[in-house]
Amino acid sequence: MDNSNGYWNATLGLLGRILAIWFLVSFGAGILFADALNGIHLGGYPLGFWFAHQGSIYVFIALIFYYAKKMGDIDRQFDVHED
């Protein structure tokens, strides 16, 4: 029972961190801090606009790969991996 609690704590901790990054990038950079970020230009576009339309997609894809890697590490750590 103790091993399963550690596994779920590690899994939920990872999900919490990923969701926090997702929130900060999508809602924070795209909406809340857009006015402050729009003073910086990236590729000719205001940075807040870029995050809302392009940057968030890149971050989401990176989060998918990060999640897959870290879940594999957690599975191996708690000996519940498939290979």
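Residues numbered from 1 in each chain as written. Predicted model: local features only at pLDDT ≥ 70, side-chain atom pairs only at ≥ 80, totals over all residues. Heavy atoms only, no water.

(A) View of the overall build of the protein chain. A tally of regular secondary structure across the protein chain gives three helices and two strands. Element order for the protein chain, N to C, with α for helix and β for strand: α-α-β-β-α. Expected size for 83 residues packed as a compact globule is a radius of gyration near 12 Å; at 17 Å, the protein chain overshoots this value by more than 25%. Dimensions along the principal axes, computed over C-alpha positions, put the protein chain at roughly 50 × 25 × 15 Å. Sequence-distant contacts, at least 24 apart, represent 58% of the contacts inside the protein chain between residues at least 6 apart. With the model as given, the accessible surface of the protein chain reaches about 5900 Å², and the carbon-plus-sulfur share is 67%. When the 4 basic and 7 acidic side-chain charges of the protein chain are each reduced to a single mean position, those positions are 6 Å apart. (Helix = DSSP H or I, 4+ residues; strand = E, 2+ residues; numbered from the N terminus. Rg over C-alpha atoms; globule rule 2.2 N^0.38 Å. Contact = heavy atoms within 4.5 Å. Areas by Shrake-Rupley, 256 points an atom, 1.4 Å probe, with all protein chains shown as cover. Lys, Arg positive; Asp, Glu negative; His and termini not counted. Charge placed at Lys NZ, Arg CZ, Asp CG, Glu CD.)

(B) Focus on the packing of aromatic side chains. All chains considered together, the criterion is met by six aromatic pairs. Consider the rings of tyrosine 7 and tryptophan 8, whose centres lie 5.4 Å apart with planes at 80°: the pair is edge-to-face. Considering the side-chain rings of tryptophan 50 and tyrosine 58, the 6.1 Å spacing of their centres and the 40° angle between planes classify their relative orientation as tilted. By relative accessible area, which is 51% here, tyrosine 58 ends up exposed. Grouped by ring-pair contacts, the aromatic residues Tyr7, Trp8 and Phe78 constitute a single cluster. (Phe/Tyr/Trp six-rings, centres within 6.5 Å; stacked < 30°, edge-to-face > 60°. Buried < 20%, exposed > 50% of the residue type's maximum accessible area, 1.4 Å probe, protein only.)

(C) Representation of unusual backbone geometry. For aspartate 79, which is not glycine, the phi torsion reads 55° and is therefore positive. The exposed category is assigned to aspartate 79, whose relative accessible area is 60%.

(D) Local environment of the side chain of serine 56. With respect to the helices and strands, serine 56 occurs in helix H3 (residues 47-77). Ignoring sequence-local partners within four residues, the contact set of serine 56 consists of Val25 and Phe51.

(E) Broad picture of the pattern of salt bridges. Counted by the stated rule, this structure contains two salt bridges. Among the ionic pairs, lysine 69 bridges to aspartate 73, the shortest N-O distance being 2.9 Å. Of this pair, lysine 69 and aspartate 73 both sit in helix H3, four residues apart, roughly one helical turn. The exposure class assigned to lysine 69 is partly exposed, which follows from its relative accessible area of 48%. Residue aspartate 73 is classed as partly exposed on the basis of its relative accessible area of 25%. One salt bridge connects aspartate 73 with arginine 76, and the closest N-O pair in it is separated by 3.3 Å. (Salt bridge = Lys/Arg side-chain N within 4 Å of Asp/Glu carboxyl O.)

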